[in-house]
Amino acid sequence: MSKKPSRPRAEWQDQLAQGIRDVRAIPGLTEEQYVRLEAIAKEYPFFTTPYYLGLIETMDPSDPVFLQQMPDPREFEDAGFLEDDPLDEEADMPVRHLTHRYPDRVLFVVTHTCAMYCRFCTRKRKVGKNPVPPPDELQAVFDYISAHPEIRDVLLSGGDPLTLTDGALEWIISSLHEIPHIDLIRMGTKIPCVNPARVTDELCEMLARYQPFYVNTHFNHPRELTPEAREACARLVDHGIPVGCQTVLLRGVNDDPEVMKQLMHELLKARVKPYYIYQADLVKGTDYFRTSVQKGLEIMEALQGHTTGFGVPQYIIDAPGGGGKIPVTPERIVELTEEKIVLRNYEGRVYEYPAAGHASDVAPGTLREYFPEFNE
Ligand SMILES: *Cc1c(COP(=O)(O)O)cnc(C)c1O
Ligand code: SF4
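Draft legend 1. Region of interest: the packing of helix α6 (residues 166–177) against helix α8 (residues 201–208). One way to put it is that α6 packs onto α8 with a least axis distance of 10 Å and a crossing angle of 10°. Compared by their axis directions, α6 and α8 come out roughly parallel. Counted together, D166, L169, E170 and I173 of α6 and E202, L203, M206 and L207 of α8 form the full contact between these two elements. When grouped by side-chain class, the residues that make up the contact of α6 with α8 number five nonpolar, no polar and three charged.

Draft legend 2. Summary view of the pattern of salt bridges. The final tally for this structure, using the stated rule, is 33 salt bridges. Here E266 ties to R230 by a salt bridge, and the two come within 2.5 Å at their closest N and O atoms. Linking E266 in helix α10 (residues 257–269) with R230 in helix α9 (residues 227–238), this pair joins segments that are 36 residues apart in sequence. Note on E266: relative accessible area 13%, which makes it buried. By relative accessible area, R230 is classed as partly exposed at 24%.

Draft legend 3. Inspection of the pairing of strand β12 (residues 350–354) at higher detail. In this structure, strand β11 (residues 340–344) lies alongside β12, joined through five bridges in antiparallel fashion. Within the sheet, the bridge partner assigned to R344 lies in β12 and is V350. Taken together, β11 and the strand that follows it, β12, pair antiparallel across an intervening segment of five residues, in which G348 is found at a positive phi of about 90°.

Draft legend 4. Focus on α9. The end-to-end C-alpha distance of α9 is 16 Å, a good match for the 16 Å that twelve residues give at a rise of 1.5 Å each. Every buried residue of α9 is accounted for by A229, A232, C233, A234 and L236. Each element contacted by the buried residues of α9 is listed here: α3 (50–53), α7 (191–194), α8, β5 (213–217) and β6 (243–248).

Draft legend 5. How the structure looks around the site of ligand 1. Every residue lining ligand 1 is accounted for by T99, Y102, R105, L107, L155, R186, Y275, Y276 and K325. Contact distances for ligand 1 include 2.6 Å between an oxygen atom and a side-chain N or O atom of Y275. One of the side-chain nitrogen or oxygen atoms of K325 is found 2.9 Å away from an oxygen atom of ligand 1. Notes on ligand 1: free accessible area 390 Å², of which the protein chains cover 91%. Of all the secondary structure elements, the ones that give two or more residues to the shell around ligand 1 are β1 (98–102), β2 (105–109) and β7 (273–278).

Draft legend 6. Geometry of the domain arrangement of the protein chain. You can read the domains of the protein chain as domain 1 (90–327) and domain 2 (333–375). Averaged C-alpha coordinates put domain 1 and domain 2 at centres separated by 40 Å.

Draft legend 7. Expanded view of the pairing of strand β8 (residues 314–319). Summarising the sheet, β7 and β8 pair through three bridges and their orientation is parallel. Paired with Y278 across the bridge in β8 is I316. Of the crossover connections in this fold, the one passing from β7 over helix α11 (residues 293–303) to the parallel β8 is right-handed. As paired strands, β8 and strand β9 (residues 324–327) are joined by four bridges and run antiparallel to one another. Along β9, the bridge assignment pairs A319 with G324. Between β8 and the antiparallel strand that follows it, β9, lie four residues; G321 among them carries a positive phi value of about 85°.

Draft legend 8. Seen up close, the environment of E75. Secondary-structure assignment places E75 in the loop between α4 (64–69) and β1. For the pair formed by E75 and M206, sequence separation is 131 residues and the distance between their alpha carbons is 39 Å. Among all residues touching E75, those that are not within four sequence positions of it are I40, Y44, M70, R119, K124, G285 and Y288. Within the local environment of E75, its side chain forms a polar contact with the backbone nitrogen of D72, the two atoms lying 2.8 Å apart.

Draft legend 9. Spotlight on the packing of aromatic side chains. Inspection of the entire model under this criterion finds six aromatic pairs. Their ring planes at 70° and their centres at 5.6 Å tell us that Y276 and Y278 sit as a pair that is edge-to-face. The class for Y276 is buried, based on a relative accessible area of 13%. Each residue in the set F108, F142 and W171 is aromatic and connected to the rest through ring pairs, giving one cluster. Positioned above the aromatic ring of Y102 is the side chain of R105, whose terminal nitrogen or guanidinium carbon lies 4.0 Å from the ring centre.

Draft legend 10. How the structure looks around the sheet that holds β9. Across the sheet, which stays open at both edges, the nine strands sit in the order β1-β2-β3-β4-β5-β6-β7-β8-β9 with mixed pairing between neighbours. Either end of the sheet is taken by a strand with one partner, and the two such strands are β1 and β9. On average, adjacent strands in this sheet sit at an angle of 25° to one another, irrespective of strand direction.

What counts, and at which threshold
- Residues numbered from 1 in each chain as written.
- Chains lettered and ligands numbered in written order.
- Predicted model: local features only at pLDDT ≥ 70, side-chain atom pairs only at ≥ 80, totals over all residues.
- Heavy atoms only, no water.
- Axes fitted to C-alpha atoms, helices over the stretch in contact; angles between N-to-C directions.
- Helix = DSSP H or I, 4+ residues; strand = E, 2+ residues; numbered from the N terminus.
- Parallel < 35°, antiparallel > 145°, perpendicular 65-115°, else oblique.
- Contact = heavy atoms within 4.5 Å.
- Nonpolar A, V, L, I, M, F, W, Y, C, P; charged D, E, K, R; others polar.
- Salt bridge = Lys/Arg side-chain N within 4 Å of Asp/Glu carboxyl O.
- Buried < 20%, exposed > 50% of the residue type's maximum accessible area, 1.4 Å probe, protein only.
- Pairing = 2+ DSSP bridges.
- Expected span 1.5 Å × (residues − 1).
- Near = heavy atom within 4 Å.
- Polar contact = N/O pair within 3.5 Å; in protein donor to acceptor, adjacent residues only side chain to side chain.
- Areas by Shrake-Rupley, 256 points an atom, 1.4 Å probe, with all protein chains shown as cover.
- Domains from an automatic or database assignment.
- Right-handed = clockwise from strand over helix to strand, strands pointing away.
- Phe/Tyr/Trp six-rings, centres within 6.5 Å; stacked < 30°, edge-to-face > 60°.
- Lys NZ or Arg CZ within 6 Å of the ring centre and 35° of its normal.

Here it is, written out as structure tokens:
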């Protein structure tokens, strides 16, 4: 970060300049433990902001905010079936930094830097390790997208795009916005959670010049919705930028229906729409965060019908091997025949509905049971 004497460093720049990258900042460990964590941080970079460190209440892994940001000896566990890139993102890359998996939309990794390295990150293989892509490689991505009119949606990801300067980000966004077949641009960012002061009015004004522009942020625990984080989300929304949230289901953090429901409620209060809850990917170095799929389904059962409909995200398994995102929902269909569907509601009660559409679509008599007025 270059210091300009004429202009004091902004609060968010202080957060980065004073960021913590030394595991010895974790108090109370033995020399042996520090040495072990140093080896882990060498393989998987450690960096966090004083702000996010300050959200820790208990300085040990029983604390959900500690667990997400602090290196852990379990990162070197290998269950055998774990991979560095289980989603095969690199295999679907027609040009560097771009994954083109779905026909109409692409994932564009604009940087490998984050404001905090989540220990459970799916891109653990590369975050914090490679420099920001040089302009000619970014230009190659713009050229690819320009040459592919079937692409209508570009998702800026990383790393965290908001670790770039406003100027660098605007160059990327405006270059994409100029492409006639691009309908919308969206950005995934953890910044409102880990360095909320980065979401300045100037940034929001810039993003608002490229509507429709959507932001998906990333909160995993209700304690992360501090006044500062709410203000960052509010600033985006007040500038007309819809904000969603992608949450990762994490053991010891939010694998509890009550915690998850409280998180969804806090997001709605902050005008953030819950978008996805991800089942943890099979990423090497992150297995200690993984819950069972049954736990995810139990959480979805506790949300759907029990709280505000748009506070209920989709529960997603990103299929290993590049199959893409697949929604997993608790079973609601008890029976489905040509005549009827039998459904289970949120309380476990069972209801019927005629399966066929308009009466002219069905064989005479089929609807008799439900609509006696059709009887001849
Ligand atoms: C998640 C993802 C997208 C966007 O998916 P949506 O379900 O539309 O949010 C696009 N490309 C890749 C490779 C992805 O992993
Ligand atoms: S901010 Fe996103 S990309 Fe960066 S470490 Fe966390 S999950 Fe990974």
